[in-house]
Every structure is written in C-alpha cells, then in structure tokens.
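# What the coordinates show
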Amino acid sequence: MKVKLCGAGGGRLGTLAGLGRSGAAALALPGCLLYTRTGSAPHLTRDTLQAVGGVPAVAQLSLPALAELHEVLEEYKEGAAKFIGMPDAVLYCSLHDPVTPCPSGYNTNKTVSLWGNSGRMEMTASKFMDIQRAIQPDWFQCISDGDTVSGEGGRKRAKKSVDRSLSFLDVCLQLLEKSPELQGSVMFGAIEGGDILEERLRSARETAKRPVGGFLLDGFQGCAMAKETKLKLIASVTAELPEDKPRIIHGVGKPDEVLECIERGVDIFESFFPFQVTERGCALVFSYDCHPDPEAAVLKQNGAQDLEKNGAEEDQDEISKADPEMTPFEIFLKDKRYQDDFGPLLEGCTCYCCQRHTRAYVHHLLVTNELLAGVLLMMHNFQHYFSFFSAIRDALRDNKLDQLKKLVFRQVLQGPANVEPGQ
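These lines cover the structure that appears in this document, whether it is placed above or below. Residue positions are given per chain, counting from 1 as you read along its sequence in written order. Thresholds applied to this predicted model are a pLDDT of at least 70 for local features of residues and 80 or more for the giving and counting of side-chain atom pairs; totals over whole chains, interfaces and linings are not thresholded and use all residues. Side-chain figures throughout are based on the complete set of non-hydrogen atoms in the structure, without hydrogens or water.

### Some thoughts on helix α17 (residues 401–414)
In this description a helix means any DSSP run of H or I spanning at least four residues, a strand means any run of E spanning at least two, and both kinds are numbered starting from the N terminus. By definition here, a helix of n residues has an expected span of 1.5 Å times n minus one. In this model α17 runs 20 Å from its N-terminal to its C-terminal C-alpha over 14 residues, within 8% of the 20 Å that 1.5 Å per residue would give. Within the span of α17, buried status applies to Leu401, Leu404, Leu407, Val408, Arg410 and Gln411. Residues of α17 that are buried in the fold lie against α9 (255–263) and α16 (371–397). Exposure is judged per residue with a 1.4 Å probe applied to protein chains only, and the accessible area is read against the type maximum: over 50% gives exposed, under 20% gives buried, and values in between give partly exposed. Whether two residues touch is decided by their heavy atoms; if any such pair falls within 4.5 Å, the residues are in contact.

### As for the packing of aromatic side chains
Geometry of aromatic contacts follows a simple scheme: Phe, Tyr and Trp rings, the Trp one being its six-membered ring, pair when their centres are within 6.5 Å, and the pair is stacked under 30 degrees between planes, edge-to-face over 60, tilted otherwise. Applying the stated criterion across every chain yields a total of 17 aromatic pairs. Pairing tyrosine 106 with tryptophan 115 gives two aromatic rings, centres 5.0 Å apart and planes at 75°, and the pair type is edge-to-face. Note on tyrosine 106: relative accessible area 34%, which makes it partly exposed. One aromatic cluster is present, built from ring pairs that chain together Phe269, Phe273, Phe286, Tyr288, Phe329, Tyr385, Phe388 and Phe389.

### Re the pattern of salt bridges
Salt bridge, as used here: a side-chain nitrogen of Lys or Arg that lies within 4 Å of a carboxyl oxygen of Asp or Glu. Under the defined criterion, the tally for this structure stands at 24 salt bridges. Its salt-bridge partner being arginine 210, residue aspartate 170 comes within 2.6 Å of it at the nearest N-O pair. Taken as a pair, aspartate 170 in helix α6 (residues 154–177) and arginine 210 in the loop between α7 (197–208) and β12 (214–217) lie far apart in primary sequence, 40 residues in all. Among the residues examined, aspartate 170 registers a relative accessible area of 30% and is labelled partly exposed. For arginine 210, a relative accessible area of 17% gives the class buried. Between arginine 205 and glutamate 240 there is a salt bridge whose closest N-O contact spans 3.0 Å. Remark: glutamate 240 occurs in helix α8 (residues 227–240) and arginine 205 occurs in helix α7; sequence separation between them is 35 residues. Overall, glutamate 240 belongs to the partly exposed group, its relative accessible area being 31%. Here the residues in one salt-bridge network are Arg12, Glu243, Arg247 and Asp267, joined through shared partners.

As structure tokens, then:
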C-alpha cells in the first residue's frame, strides 16, 4: 500500500495504490469509504449497489457487529470478505460504527468497551487481535481509548487516553507480527488526546515512530468540540505525520466539514452521512459544480425548481421541525409540497432513482412506509456523495478548491435551493 501524491495546493490529491491482498485495487485521494452494516450497504442488495456510480474501492466494517460473529468467523477460517459475499472487496475494520452512539466512561487501562446489538462488550488488546485474525481485514483500526469528550476530564484524561492507546498499539503490533492470518493486513494507529494540543502532538509523534500503515484521527466526532479547536488540532496533527502514509478521520461527513479537513491534510472519510440523510427521509441536493457558465451549471442543480417550491420561510421552518438533525444540503421528501412534484430528486443527476422516478413517487413511498423508499434514496444519496468527492479531486486538480468551498459554504447559509454555482 503506497500513497502517490500529485502535489496539488490546498489538499493531498493522489492515489492510494496497491490495496487488497492482490495489490490490484486503488483508492483516489481525497476519497471516502463505502459505509456498510456487517458488510452490506444499508438498504441495498449487491445488485442495487452495482447500479450506484462511483462506489469506493474500500468498504468499512465496524467491529461490534463482527465481534458478535467471532465464533462463526473463527470456525469459517476464510475471513469476513468471503463470508459476507465480497471476496474481492478491500475491507477496513473500524472500532466503532460512526452512526451508533457510544456511551462514555466505560474504558479502562486494560479494556475498551464496544457497543453492539447484544449490548456492551469489553475488549482487551489480546481479544481484539483474536477477532481480527478471524475477520482477516485488509486494513484495521488499532484498539484505542478515544473516550475524551471535549470539556470533560481535561488534560489528565487526555494524557491517559494517549498513554492507553500507545500501550494498546504496542501490544497489537507484537501480536500482528506473530499472526500469519494477518500478514497481508495493514494496521492504522489511532491519534488521541482530546482537545489538548500537546497530547495530540505527542500521540501523533509517538504513533508515527511505530510501524503502522496509516493514521486515524479519532475523537473529532460530534459537536462537543468547538469548530476552531477541531480544525486547529487537525492541522497541527497532520503536520507531524509522514507524507507517504494515509490519514483517515472518523465522524466527519458533512460536505462543508469534509472540505475544511481536506484543506488540513486529511485523505479518507467515512460515508455514513448519506445513510443518515436517507434515514431522515431526505435527499441530498447540494451543488458542487464549479462550472463557470451559470446557465449550464443551473441545469445540474434544482435551483429554480426548489426556490419555487420552497416558497416562504415559514415552510422552511416547518421542514426543519421534521428532524432537528437536518442539514442545508438536503430536502425533506415527506413534506406535502412534493406530492405533486413530478421532477427528479435533483435536476441533472444521473443516478438510478433520478433517471426513473420522481419526487412525488418517492414522497408516496415514504408516507406509505414502503421499503423501496430507502432503496431509492440510498442509491441517490450514495451516488451524489461519491460524486462530490470526485468533484473535490477535480477542483484540486484545476486549482479551484476555493471556488468549490465558497459554493458549498454559501449553501450552508442559504440552503441549496437559493445558490447558483455561477455566483
């Protein structure tokens, strides 16, 4: 596995080559992972996933779901990829599912707590490596103590998280050397330290000294940490890391946050955000087209169409009440305004849903609780999100990242309906 960078300004444009046991797969950078639940993309079968454009080469599995299958996988002996029907996929196993909240206060010097369908599981470094031997992932996050919520515990807790994580990493690296099943696997070292800069830098420097294949920036999930603090820490940490190894960040998915992290040297993100949007009954409609011709660009977004529909601010407030987690990047398709809207979810989108179905049809599926609603929304949201990362790489290549960032940030303030890319 090797990072090949093109040296673009404003971000790390390049390729992560030599992936998988065969070494034939590659992941374009900056890029994202395919979010899965026990190896399956949410709402989608293998066939429907194949109809989604731009699917990343690396699929993310979360450890809690697989830990519950440990005995089965151990007996199976051929690894999780073949077991879940994805023998050619490159698998990355993360410690937690980014969508599932993890209760705080359960980690100790010897164990880290995971939370699955069966409740809490205490994980030692030795048990963790036993499960990894059964899973046989291509990449995996080393066990770490990331339970450092900003504003709680302070400097002492942050120091403890770094000490514990480095201790776990040393044990796991020793066990990795002795594990023939994991000889083709790459371990990612987790960088911890809460919101304390000195501890973050110590974690980065010490982890970089060890023979890890890449780095995970952990503990930046949620809104507990102030945005300025978060961005300053990310920039400081990535400056300490070697250029030739990939950097993954967990818990960052919104387009504006992704762009800010890319500017600060992050390579790989998760794709849980489209799943969360789908679960809300929403469709991603934000524009990422930096085309200089406004007329051509407007065709690729639903500007006039949505502006006409969205109408007064009171209506916008009503939609926001549907789910407090809703972002300016999406539209709420359960709203009555869409019951007679026979346009696609997003004008100009080439996804399976937009090419064949209308907003009115998806609205009908949602209000009648049809399972097909989740399938069609997931196909659209995944493809739109993966295309966003392709647009980021194009913007870096053409030195237009600032333009893309302005376009996306304008939509944060105004909503996607009110922004024309040519502005």
